[in-house]
Structure formats: structure tokens, C-alpha cells
Amino acid sequence: MREIIYMVVVLTGISLASGGLLAALREGTQERIDQQVLEFVKGPSVRAVFKDAANDPIATRFQLKDGPTVRTFFVGEIEGAFRGVALEAAGKGYKGEIGLVVAIDTQTGNVIGINVTTHSETPGLGAKAKTDPAFAAQFNGVPVSGPAKVTKDGGSINAISGATITSRAVAGGVSNAFTVYERLKPQIEQKLKEIRK
Amino acid sequence: MAKTLVQEFTKGLWAEIPPFRLVLGLCPTLAITNTLENAYGMGIAVTFVLTFSNVLISALRKIIPPKVRIVAFIVVIATFVIVVELVMQAYTYALFLKLGIFIPLIVVNCIPMGRAEAFAAKNGMVRSALDGLGLGLGYTIALSVLATFRQIIATGALTVYETPITLFGPAFEPFRFLVEAPGAFICLGLMLGLMNILGKK
């Protein structure tokens, strides 16, 4: 009996020490890791949608509360003004979520560009949403006032052949971004004003 | 015959060099030695884990009850592996993405586990530290040698830090096979054979 208690005490002690150390380290590195994830995971997509921006959209960003979630917005300087905002959205694809970055011009109310960040669609079919720039380019200039739709649903986006579900998911994700944008528009414009100063 | 402290350190560099002589830790040896940067990155991560887990296990060797020693070793090793993982994520994220699953897999790598059981649990802290450092460095050297060979022949370039440096002119014909998985087995086989020839006196 004594032996069992001793074993339990030692193992508990080691685990406690380990847990404490890791929690402290996690706390200490959290901010830098978030930064790195932004840079390496979302960075390429954000830079791709803002390819003409004069600033570094990763560095110029702000966060807004949207109900219980906190959303990050990246700001792009276009034609000398901080008028582009990019936000993340997701659509339900053929196999899991499709992560998107959608950039919107706050002055014209049109899409600047979209880019797929993460997906698990079929290579050669649905995966074209990410690999074929012509598909994503169709969203450029689409107004944020209405949802983006594929031609089958009465919209303007030509679906990727053989991947209607994926195409709909991307259009749906982009439309989600529109709704978020419309909902938070006053706060976004407020933040942009602060950045301009 | 007891070894001197220097011998405790140097045995890991030649006589007991992990992948070639102990033939341990082969999974990352085969998988990530396609560029030099990956190889020494992995080697440094293993060296860190090995040294610190050896020291801590050696310090706790009289407290840890023998019946649950393996569990205790795994907790200690896993802790240091997560430390490495977090630090790599925070400072060398690109390398972390490339090494991917092989960083968490250091936990089940036979080298830290084997040294904990075979060495640190029976020896003092200084000796355990030197043992861990020596074997870790040996592992780093072994991976780097293998990666240098594979990468140069397969791509004609060498990645020391982030961008590959091209070594040959346009006439060089890359032999891509060596950075593929089967190439790894063949290179490792050749290295093991070479080590056996050199070791035969």
C-alpha cells in the first residue's frame, strides 16, 4: 500500500511540474506563435489578395469583436489610401471546411480579390479553387451588397467543372464574408479612420 | 572499466554514434535528411531533448520508483519535446513546418528513451549530461553527413539556412532519386556499410 501511494505521489509531482512549466512557456510564447502563424499560414494569402498594396497588410491589422468571436482584419493601402480590408471566412466544402481570405474595397464596395488558405478538396478537381487563379479571379469586382453565386444558382461565377460543391462552398464562404463585413461596417470604417491618422 | 568524463562525451561522436552504430532513431534519419537545414535542425532538437531529459532523469533517479520509471521517463521526455516544439514555432516557424510531425515524434524516438533507461537512470548528472550532449551531437553530425550527401547529389545545391546554395554549373544533372524515400534507404545502407568497413581494424 505504501508503495502504491509513493508511486502516485511521485508521478503526480512530476506531472504537476511538467504541466506548470509548459503552461508558463505556452503563455510566454503565445504571442510570437500567433504572429508566426499569421505570417506563414495566412500571410501568403493576404499578400496575394493585396498584391498591389503599398503597405504590408500583415503588419497593418486590427481586431474587432463580432459577438463571441474576435475577427482579424488586414488593411491594404490602395491608390494611396487605406481602403482595402481583408477578412477570413469559411465555406463548407466537399470534404470539410474551405478557409478563405476575402479582400474588400471599402470605397467602391466591391471585392478586390479572394484566396483559398486551407482546404481538403479532391486534387485536380475541387483543389483547383486554390491552384487555378482564374477561378478565384472571377470574384474580383463582385459587389458586397448581394451574395456571390455560381451561374447554376443564378450568379456570375462559373463553377469549376466537376466540382460544383466546392465552387458553391467558395461562393458561400465569400458571401459569409460579405455578411460579416456589412454587419461590422461602421466599426471597420472607424478603425480605418484611426489608421489613416 | 569506468570511462573518463571526456570519453563519456566523445563516445557519442564515433564509437556509439546513434544512427550508424547504435542504429537508433532511424525514422527521422530516413525521413528528413533531404536538406542539410532539416538535418541539423532535427539534430539540435534531439540534442536539446536528450541532454535535458538525461540530466533531469539522472537527478530524479533515486526518487522515481522502479515500477513506474518508464512512465516517469516519458513524462520528462515529452515535456522537453513540447518545449522544443513551442520554441521552434515561436522562432523558426519555417523549419517547424518542414520537420512537422517528426518533432513531436522525438518522444517515441529510441534515443532519448534508450539513454534514459540505459544510462541516465544509473549514472550521475554530470556524466548523463555529457552522454546526452555527445550522443546528440553525434546524431546531428550523422544526419548532416547523410543530408549533405543526399542533397548535393540529388539537387546540386545545399541548404544551410533557408535558401539553397547552388554548387555546380548548369551542366550538372540532378539525380532526384536520392531525395526520394528509396534513396534514403540506399544512402543509409551505404553509410552503415562504410562505418562497418572503417570500424574493422
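First, a word on what this report is: a plain description of the structure on this page. (Residues numbered from 1 in each chain as written. Chains lettered and ligands numbered in written order. Predicted model: local features only at pLDDT ≥ 70, side-chain atom pairs only at ≥ 80, totals over all residues. Heavy atoms only, no water.)

1. Examining the overall build of chain B
When you go through chain B residue by residue, the secondary structure sums to nine helices and two strands. The C-alpha radius of gyration of chain B comes to 18 Å, within 12% of the 17 Å expected for a compact globule of 201 residues. For chain B, the C-alpha atoms occupy an extent of roughly 60 × 45 × 25 Å along the three principal directions. Buried residues in chain B amount to 47% of all 201 residues. Expressed as a percentage of contacts within chain B between residues at least 6 apart in sequence, the contacts between residues at least 24 apart total 74%. Of the roughly 9,500 Å² that chain B leaves accessible, carbon and sulfur atoms contribute 74%. With 15 positive and 9 negative side-chain charges, chain B shows a separation of 13 Å between the mean positions of the two kinds. (Helix = DSSP H or I, 4+ residues; strand = E, 2+ residues; numbered from the N terminus. Rg over C-alpha atoms; globule rule 2.2 N^0.38 Å. Buried < 20%, exposed > 50% of the residue type's maximum accessible area, 1.4 Å probe, protein only. Contact = heavy atoms within 4.5 Å. Areas by Shrake-Rupley, 256 points an atom, 1.4 Å probe, with all protein chains shown as cover. Lys, Arg positive; Asp, Glu negative; His and termini not counted. Charge placed at Lys NZ, Arg CZ, Asp CG, Glu CD.)

2. Digging into the overall build of chain A
For chain A, the helix and strand inventory stands at four helices and five strands. Traced from its N-terminal end to its C-terminal end, chain A shows the element sequence α-β-β-β-β-β-α-α-α. In summary, chain A has a C-alpha radius of gyration of 22 Å against a globular reference of 16 Å for 197 residues, an excess of more than 25%. Each principal axis of the C-alpha atoms in chain A carries an extent, and together these give about 75 × 50 × 30 Å. Here chain A holds 197 residues, and 42% of them are scored as buried. Surface summary for chain A: the accessible area is close to 10,300 Å², and the carbon and sulfur share equals 55%.

3. Overview of the sheet that holds strand β1 (residues 61–66) of chain A
Hydrogen bonds along the backbone pair up the strands of a sheet, which may run parallel or antiparallel. All names here are of chain A. If you walk across this open sheet you meet the five strands as β1-β2-β3-β4-β5, and the pairing is antiparallel. Strands at the two margins of the open sheet, each flanked by one partner only, are β1 and β5 (110–116). Neighbour to neighbour, the strand axes of the sheet diverge by 35° on average, direction disregarded. Bridge count between strand β3 (residues 81–93) and strand β4 (residues 96–105): 10 bridges; the pairing is antiparallel. (Pairing = 2+ DSSP bridges. Axes fitted to C-alpha atoms, helices over the stretch in contact; angles between N-to-C directions.)

4. Quick look at the environment of B:A147
Residue and element names in this part refer to chain B. Here A147 is to be found in helix α8 (residues 125–155). Classification of A147 as buried rests on a relative accessible area of 0%. Counting along the chain gives 135 residues from A147 to G12, while the straight-line C-alpha distance between them is 19 Å. Ignoring any residue separated from it by four or fewer positions in sequence, one finds A147 in contact with T33, T35, L36 and A39.

5. Some words on unusual backbone geometry
Despite not being glycine, B:V23 has its phi angle at roughly 50°, a positive value. Since its relative accessible area comes to 39%, B:V23 is described here as partly exposed.

6. A look at the interface of chain A and chain B
Facing the 19 residues of chain A at the interface are 22 residues of chain B. Buried area between chain A and chain B, both sides added, is near 1,800 Å², and the carbon and sulfur share of it is 79%. Our enumeration of links across chain A and chain B arrives at one salt bridge. Of the charged contacts, one joins B:K67 and A:E3 as a salt bridge, the two residues approaching to 3.3 Å between their closest N and O atoms. At the boundary of chain A and chain B, one finds five residue pairs in polar contact (both at pLDDT 80 or more). (Buried area = accessible area lost by both parts, 1.4 Å probe. Salt bridge = Lys/Arg side-chain N within 4 Å of Asp/Glu carboxyl O. Polar contact = N/O pair within 3.5 Å; in protein donor to acceptor, adjacent residues only side chain to side chain.)

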